[in-house]
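Structural description and commentary
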Amino acid sequence: MDTKKQNRRRFLKEGAALAGMAVGAIGSASAQTPGAEASPVPYRDRRAYGRRSRFVNSVRTNDDDATHAAFGRSFNVYTPLQDSIGIITPSSLHWVSAHGYEPPDIDPQEHRLMIHGMVDRPLIFTLEELKRLPFVSRIYYLECQANRPEYKGETVQQSHGKTACSEWTGVPLSLLLQEAGVQSGAGWIVSEGDEAGKMTKSIPMAKVMEDVLVAYGQNGEPVRPENGYPLRLVVPGFEAIYSMKWLRRIKVVDRPYLGYKEISRYTRDDSRSSWFQFEMGPKSVITFPSGGQRLPSRGYYQITGLAWSGGGAIRRVEVSTDGGRTWKDAELQGPALRLAHTRFNMAWKWNGEQTVLLSRCTDELGQVQPSLAEFARFWGATSEQFLSRSARGAGHSNSIQPWGVNRDGSVYNAIS
Amino acid sequence: MRFLNLLAPVLTLASCVVVLAQSPTYGLGRTPSEQEILAWDIAVGPEGKELPAGSGTAKEGEALYARKCAACHGPTGTEGKAPRLVGRQTRTVGSYWPFATSIWDYINRAMPIYQEGSLSADEVYALTAFLLFKNAIIQESDAMDAESLPKIQMPNRNGYQPPPVSEWKPGMPRPFEILP
């Protein structure tokens, strides 16, 4: 046991060194101009596992979470939404927040999922057994509750890069719980991950029985290690911390269990303090043109972006190209699926003048994405307090993101 | 331990019987033994039903804290690069956490960093007692155990809305959504 632990430590240490090298490599790659990377990969070397063109160099960028970084355990990266195409995020570009833990190196042969607690038949499954059960594939986004417009976000990657959309494949958790036989009086589950800190999160049973997946597939291949390999929960529409990665255990209980992440983080802690926030509200953002990009000339462009809502499907996206004076309906580029990213487009002829671009969406419940002022008014705070993070309750900010366009074509974060 | 060893053949026999019990519809999975469940089940709820035997006081926790925790959380729990543990002004145990059982649960599963899960039950009780004492919630000599810990009234116990037990329904608008 001790030797095993030591080996694991050594592995983690060496892994950390490797990760450091990888970060260095990413840094230098992104600093290069497109196509300036090393010579083309010989085509034989691309046969086993395909690689993208050397002219494509869109990458995830690091978060600057000081607390986690102080312990050498920061594994937080953002999705480059400014380069996104369609609604699916490549697994290799899926954002990650590992809450200060290393993605564990799990052998799928050794991994087990235990279901116990208030059930008639506690069960342990191997991965192989889970894969023999009826499965479904569903396209869902996962968004961190901290994803929101802020001063510091110069690019859409920095402001909104903690959302991504994948096709997830796995067994409905409701099926597993039916096999275990949920007892009367059970109202919640406690899910638990297999990272070093064994994170937990409580989920209401009604949601579990509705659409929660125990997923092993992501975009046609096994879930990536940093996204939960070999097994994770996908709790669509809820803030992503509910979607437990490296899932090892489901305990059926009568009441929420209130782990660390439920009582000191991810709470609504203003005067209306509450242990739980569930769905993320309707949100949209223009991904092109967006902060840090540059329009080469006046003339024709397709404004495009993404919209999503924890309330279900996106019904409508409106775009303003004049700072909010007038709004026009954008085209929803299907499919517009429930709890998935929805792509929108709008033709635009830029006249070369300074302006501000905005988007706002409406979901199937009729919920409309608020302006920053509306959002702040609801919370009894000022916009300034939200943007500077001095207002509690700022999690879940789904306010409208303005992108300013200068006469030289440069695009900037126009929050003020 | 020896007692358990003697029991082992009996338990194995018992588990042979329950191994046959698989999921009813698909006949997959197996039934975990009581021992397996106990070993895995480190989640402690607000009622403290899962708390193991053992106990500890703040006095015992003090030396342990200095050795295992102070490097990151500071000598008094108000300094250091890790989150603050003591005081009223930030989201600490004293100012924010509604249940004392959550302190036990979190220290036991996730502390100290890089040695997660290495503390004994007595040590976790002692450290929990130390944090409660430093936040002026219990006395230095109060022993924390499976019985006393769930009874601790935390200062922020009523600072939250009541738990919305199973109130979630499909298609429910978000509680603070702005409708037009």
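These lines cover the structure that appears in this document, whether it is placed above or below.

1. Some details on the sheet that holds strand β20 (residues 355-363) of chain A
Residue and element names in this part refer to chain A. Ordered by their spatial adjacency, 5 strands build an open sheet running β17-β16-β20-β21-β22, and the pairing between neighbours is antiparallel. In this open sheet, the two edge strands, each paired with only one partner strand, are β17 (328-329) and β22 (411-413). Inspection of the sheet shows strand β16 (residues 314-320) paired to β20 by 6 bridges, in the antiparallel sense. In the strand pairing of β20, I314 is matched with D363.

2. Considering empty space enclosed by the protein
By rolling a water-sized probe across the atoms, one finds the places where empty space is left. All names here are of chain A. With the rule as written, the count across this model stands at 4 cavities of 30 Å³ or more. The space that makes up the largest cavity amounts to roughly 190 Å³. Along its surface, the largest cavity is lined by 19 residues, and W95, S97, H99, A240 and K245 are the ones closest to its centre. For the lining of the largest cavity, the per-class residue count stands at 10 nonpolar, 6 polar and 3 charged.

3. Observations concerning the pattern of salt bridges
In this structure the tally under the stated criterion is 24 salt bridges over all chains. The salt bridge involving A:E226 is made with A:R60; its shortest N-O contact spans 2.8 Å. Here A:E226, found in the loop between β11 (221-222) and β12 (232-234), pairs with A:R60, found in the loop between α1 (2-31) and β1 (61-62); they are 166 residues apart in sequence, far enough to count as distant. For the pair shown, A:E226 and A:R60 are each scored as buried. Between A:E192 and B:R109 there is a salt bridge; the shortest N-O distance is 2.8 Å. Here the residue A:E192 occupies a position in strand β8 (residues 188-193), and B:R109 occupies one in helix α5 (residues 101-110), the pair thus bridging two chains. Here the two residues A:E192 and B:R109 agree in accessibility, since each one is buried. Taken together, the shared-partner salt bridges connect A:E192, A:D194, A:K198, A:R248, A:R249, A:K251, B:D41, B:E50, B:D105 and B:R109 into one network.

4. Overview of the side chain of A:T342
Residue and element names in this part refer to chain A. With respect to the secondary-structure elements, T342 resides in strand β19 (residues 342-350). The class for T342 is buried, based on a relative accessible area of 1%. In this structure, T342 is in contact with I87, G305, L306, A307, I314, L332, A336 and L337, ignoring residues within four places of it in sequence.

5. Comments concerning the pairing of β20(A)
Residues and elements named next belong to chain A. Where burial is concerned, most of β20 is hidden: 7 out of the 9 residues are buried. Bridge count for β20 against strand β21 (residues 403-405) is 3 bridges, and the pairing is antiparallel. Across the sheet, residue L357 finds its bridge partner in β21, namely W403.

6. A look at the environment of A:L306
All names here are of chain A. Checked against the element boundaries, L306 lands in strand β15 (residues 299-308). Owing to a relative accessible area of 2%, L306 belongs among the buried residues under this scheme. Considering only alpha carbons, one finds L306 and L332, 26 residues apart in sequence, at a separation of 9.5 Å. Residues within four places of L306 in sequence aside, it is in contact with L81, S84, G86, K283, S284, V285, T287, H341, T342, R343 and F344.

7. Here's the deal with the sheet that holds β15(A)
Residue and element names in this part refer to chain A. Judged by pairing direction, the sheet is antiparallel, and its 4 strands sit side by side in the order β14-β15-β19-β18 without closing on themselves. Two strands in the sheet have a free side with no partner beyond their single neighbour: β14 (283-288) and β18 (331-333). Sheet twist, expressed as the average angle between the axes of neighbouring strands with direction ignored, equals 35°. Across 5 bridges, β14 lies against β15 in antiparallel orientation. Bridging from a neighbouring strand, S284 pairs with A307 of β15.

What counts as what
Residues numbered from 1 in each chain as written. Chains lettered and ligands numbered in written order. Predicted model: local features only at pLDDT ≥ 70, side-chain atom pairs only at ≥ 80, totals over all residues. Heavy atoms only, no water. Pairing = 2+ DSSP bridges. Helix = DSSP H or I, 4+ residues; strand = E, 2+ residues; numbered from the N terminus. 1 Å grid on protein atoms, 1.4 Å probe; cavity = no way out; pocket = protein on both sides within 12 Å on 5 of 7 lines; lining within 4 Å. Points joined across faces, edges and corners; volume = space filled by probe spheres on them. Nonpolar A, V, L, I, M, F, W, Y, C, P; charged D, E, K, R; others polar. Salt bridge = Lys/Arg side-chain N within 4 Å of Asp/Glu carboxyl O. Buried < 20%, exposed > 50% of the residue type's maximum accessible area, 1.4 Å probe, protein only. Contact = heavy atoms within 4.5 Å. Axes fitted to C-alpha atoms, helices over the stretch in contact; angles between N-to-C directions.

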